[in-house]
Amino acid sequence: MSIEIHVSGAAEEAVRSVVPTLVADLVASGITEQNPTLWGPKAESESAKRLGWTEAVAVSRPLVPEIIALRDKLAADGVNHIVLAGMGGSSLAPEVITRTFGADLTVLDSTAPGQVRAALDAGLQNTAIVVSSKSGSTVETDSQRRVFEKAFTDAGIDARERVIIVTDPGSPFDVSAREGGFTVFNADPNVGGRYSALTAFGLVPSGLAGVDIAALLDEADQVLAELSIDDESNPGLILGAAISATSPRKDKLGIVADGTHIVGFPDWAEQLIAESTGKEGTGILPVVLDTLAPELEKVPDDLQIVRLVENADATHLLPRDRHDGEILVSGSLGAQMLVWEYAVAVAGRILGINPFDQPDVESAKAAARGLLDDRPEPASPAFTDGGIEVRGDDELVAGASTVREAVDRLIAELPADGYLSVQAYVDRLELPQLEGLRSMLAARAGRPVTFGWGPRFLHSTGQYHKGGPAQGVYLQITQSTTVDLEIPERPFTFGQLIEAQAAGDAGVLRDHGRPVLAVNLTRPQDDALALFEAIN
């Protein structure tokens, strides 16, 4: 079997009670036939143009020889290093695909100037960049494309030979790229970014990096028949019900990869789930966990655990305390991607929301654009603890003098059903250790904690933070840096861009009544250590 799902406890009860209705309502065949009425009248217009992912395997097949031919041509020209400029689903899918298949891909989904500069400095002579954007207007990818094109030109390299475009047919980006003589791959315009793993957005960078993309499509193809049948054994219906229909409802989903060959899958699933379901005050909050996460020691009542394993059917081989009440999922990467896409679409129907829109994503982008236009002076910190500047809502910082005191106040703001989100607008290559704050804060708070690198999470979990339940409190981390990078033909630098994105996001969260504590590391390495000490 290409996919196995084992449910127990509340998830099993959800499957038993809900899946028969889904079968009777012909939901599985309806999704496969791209029936836009499945999510209600309000969602119909959007759904009608967002269901192309159900036939992505067939539509993408003709791309495979084209991608391989370009890979061979680049290799003959001495190009063996692929960079991907993309955000959200267009970067997270290639990231998990290449990591799982053991291919080397530099994913550039940041505006941190040090991170962009590191990608530039990796060796232009043997580098090509894939720029992925449905319209071409995404500020991050547009900025990254501009700086790479100039760098290639300055190095005497024809940028048209090294910049590959993935975009929707007929988009402004498609038109301008073709007019400029660049290589362009078109994706199905009837697929949203987070459902685009098996389209050109997932396949072009992965294939150029060396992945056997035909094998990936074969993996997905093996599960298509199971997903299209209105039957209680359908894995998409089972998983969709298990993650969204427990009673009382567990509205948080802890995803942990445990002994599986798939690398990084929870990060991809996180954006698919959060952006698809976090709206209208409801949703499923995905929480990416490692196998030693505090949340697994004492699982909160509102947290459903999904464990990706090598063989979900061999439950007798697993310790009892590792699967009782959990959802166990196993299968190949291509199969799991398609199953999870179906499951999240099913969850949208169960929750009564449109899984294909993202009404709150634009707000943070608009706020960042406004700050870039006006360039206000940053607000003075409420206080400074060592080299850490602290800003935040009055109830978090008024009268406080230490980071620990402010963090304690933030945790105290957590509702009983709440979560804490850590958002790190920093150079991920310089400060990778910050991800370790997640487990420390989870242990202290006794509640689920998420972690996101900014600005990449804005294109995924950022939707949930604004549109989902008002349960979150937010710790934003930024850094001062002496390294900046100009963006050709733009009136702002990468440093100014990421600063505006962080400030804009914090402002929108506050407008939604979400508590935000912001800490800026003026001496990044030293202050990161101090931050760990303050939270421990």
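Student: Mind showing me how you'd approach the overall build of the protein here?
Tutor: In terms of regular secondary structure, the protein is built from 22 helices and 16 strands. Computed over its C-alpha atoms, the radius of gyration of the protein comes to 23 Å, within 12% of the 24 Å expected for a compact globule of 536 residues. Looking at the protein as a whole, 60% of its 536 residues are labelled buried. Pairs at least 24 residues apart make up 77% of the contacts formed inside the protein by residues separated by at least 6 positions. Carbon and sulfur atoms make up 49% of the accessible area of the protein, which amounts to about 19500 Å² in all. If the 42 positive side-chain charges of the protein are averaged to one point and the 77 negative ones to another, these points end up 2 Å apart.

Student: Looking at this structure, I do not really get the side chain of Asp142. What am I missing?
Tutor: Along the polypeptide, Asp142 turns up in helix 8 (residues 139-154). When neighbours within four sequence positions are excluded, Asp142 is seen to be in contact with Gly136 and Arg490.

Student: Just to check I follow, could you spell out the environment of Leu351 for this structure?
Tutor: Checked against the element boundaries, Leu351 lands in helix 15 (residues 333-351). Between the C-alpha atom of Leu351 and that of Val23, which follows or precedes it by 328 residues, the distance is 17 Å. For Leu351, the residues in contact, after removing those within four places along its chain, are Ser244, Arg249, Thr277, Thr282, Gly283 and Ile284.

Student: Would you take a moment to explain the nonpolar core for this structure?
Tutor: Soluble globular proteins tend to pack their nonpolar side chains together in the buried interior. Counting residues in each nonpolar core, the largest one holds 93 residues, and the members touching the most others are Trp53, Phe265, Trp268, Ile327, Met337 and Trp340. For this core, the leading source of residues is helix 15, giving 13 residues. Beyond its immediate stretch of four places on either side in the chain, Trp340 contacts Leu239, Leu253, Phe265, Trp268, Leu272, Ile273, Val306, Leu308 and Val329. Residues Val397, Ile411, Leu420 and Val473 belong to the second largest nonpolar core, which totals 36 residues.

Student: Sorry, what's going on with the packing of helix 16 (residues 361-374) against helix 21 (residues 494-511) here?
Tutor: To characterise two packed helices, one gives the angle between the axes of the helices and the distance between these axes. As a packed pair, helix 16 and helix 21 sit with axes 7 Å apart at the nearest point and diverge in direction by 125°. If you check the angle between helix 16 and helix 21, you find them oblique. Regarding helix 16 and helix 21, the two cross each other, and that crossing is right-handed. Across the interface between the two elements, Ser363, Ala364, Ala367, Ala368, Leu371 and Leu372 of helix 16 pack against Gln496, Leu497, Ala500, Gln501, Ala503, Gly504, Asp505 and Val508 of helix 21. Classifying every residue of the contact of helix 16 with helix 21 by side-chain character gives nine nonpolar, four polar and one charged.

Student: Sorry if this is basic, but what is going on with the environment of Ser29 here?
Tutor: Positionally, Ser29 belongs in helix 2 (residues 27-32). Residue class for Ser29 comes out buried when judged on its relative accessible area of 12%. With 433 residues separating them along the chain, Ser29 and Gly462 place their C-alpha atoms 31 Å apart. With sequence-adjacent residues up to four places away left out, Ser29 is seen in contact with Ser228 and Asp230. At a separation of 2.5 Å, a polar atom in the side chain of Ser29 contacts the side chain of Asp230.

Student: It is not clear to me how the environment of Gln479 should be interpreted in this structure. Could you clarify?
Tutor: Mapped onto the secondary structure, Gln479 falls in strand 15 (residues 472-479). The exposure class assigned to Gln479 is buried, which follows from its relative accessible area of 15%. Spatially, the C-alpha atoms of Gln479 and Phe451 are 16 Å apart, while their sequence positions differ by 28 residues. Not counting the four nearest positions on each side in its chain, Gln479 is found in contact with Tyr425, Val426, Asp427, Glu430, Leu431, Asn520, Leu521 and Pro524. Among the polar contacts listed, one links the side chain of Gln479 to the backbone nitrogen of Asp427, at a separation of 2.6 Å.

Student: Any chance you could explain the sheet that holds strand 9 (residues 303-308) here in plain terms?
Tutor: Backbone hydrogen bonds hold the strands of a sheet together, and the pairing may be parallel or antiparallel. Pairing is mixed across the open sheet formed by five strands, whose spatial order is 1-10-9-7-8. The outermost strands of the open sheet, each flanked by one partner alone, are strand 1 (3-7) and strand 8 (285-289). Shown here is a sheet whose adjacent strand axes are inclined to one another by a mean of 20°, direction ignored. Bridge analysis of strand 7 (residues 252-257) against strand 8 gives five bridges, and the strand direction is parallel. Looking at strand 8, one finds that Val256 is bridged to Leu289. Packing against the sheet, helix 12 (residues 235-244) makes contact with strand 1, strand 7, strand 9 and strand 10 (327-331), and its axis sits at approximately 35° to strand 1.

Student: How should the pattern of salt bridges be read in this particular structure?
Tutor: Opposite charge on two side chains allows them to pair when their charged atoms are near. Applying the stated criterion to the full structure yields 34 salt bridges. Among the salt bridges present, the one from Arg160 reaches Asp158, with a minimum N-O distance of 3.0 Å. Overall, Asp158 belongs to the partly exposed group, its relative accessible area being 34%. Through salt bridges with shared partners, one network takes in Asp142, Arg145, Arg146, Glu149, Glu489 and Arg490.

Calculation rules
- Residues numbered from 1 in each chain as written.
- Predicted model: local features only at pLDDT ≥ 70, side-chain atom pairs only at ≥ 80, totals over all residues.
- Heavy atoms only, no water.
- Helix = DSSP H or I, 4+ residues; strand = E, 2+ residues; numbered from the N terminus.
- Rg over C-alpha atoms; globule rule 2.2 N^0.38 Å.
- Buried < 20%, exposed > 50% of the residue type's maximum accessible area, 1.4 Å probe, protein only.
- Contact = heavy atoms within 4.5 Å.
- Areas by Shrake-Rupley, 256 points an atom, 1.4 Å probe, with all protein chains shown as cover.
- Lys, Arg positive; Asp, Glu negative; His and termini not counted.
- Charge placed at Lys NZ, Arg CZ, Asp CG, Glu CD.
- Core = buried A, V, L, I, M, F, W, Y, C linked by side-chain atoms within 4.5 Å.
- Axes fitted to C-alpha atoms, helices over the stretch in contact; angles between N-to-C directions.
- Parallel < 35°, antiparallel > 145°, perpendicular 65-115°, else oblique.
- Left-handed = near helix turned anticlockwise from the far one by under 90°.
- Nonpolar A, V, L, I, M, F, W, Y, C, P; charged D, E, K, R; others polar.
- Polar contact = N/O pair within 3.5 Å; in protein donor to acceptor, adjacent residues only side chain to side chain.
- Pairing = 2+ DSSP bridges.
- Salt bridge = Lys/Arg side-chain N within 4 Å of Asp/Glu carboxyl O.

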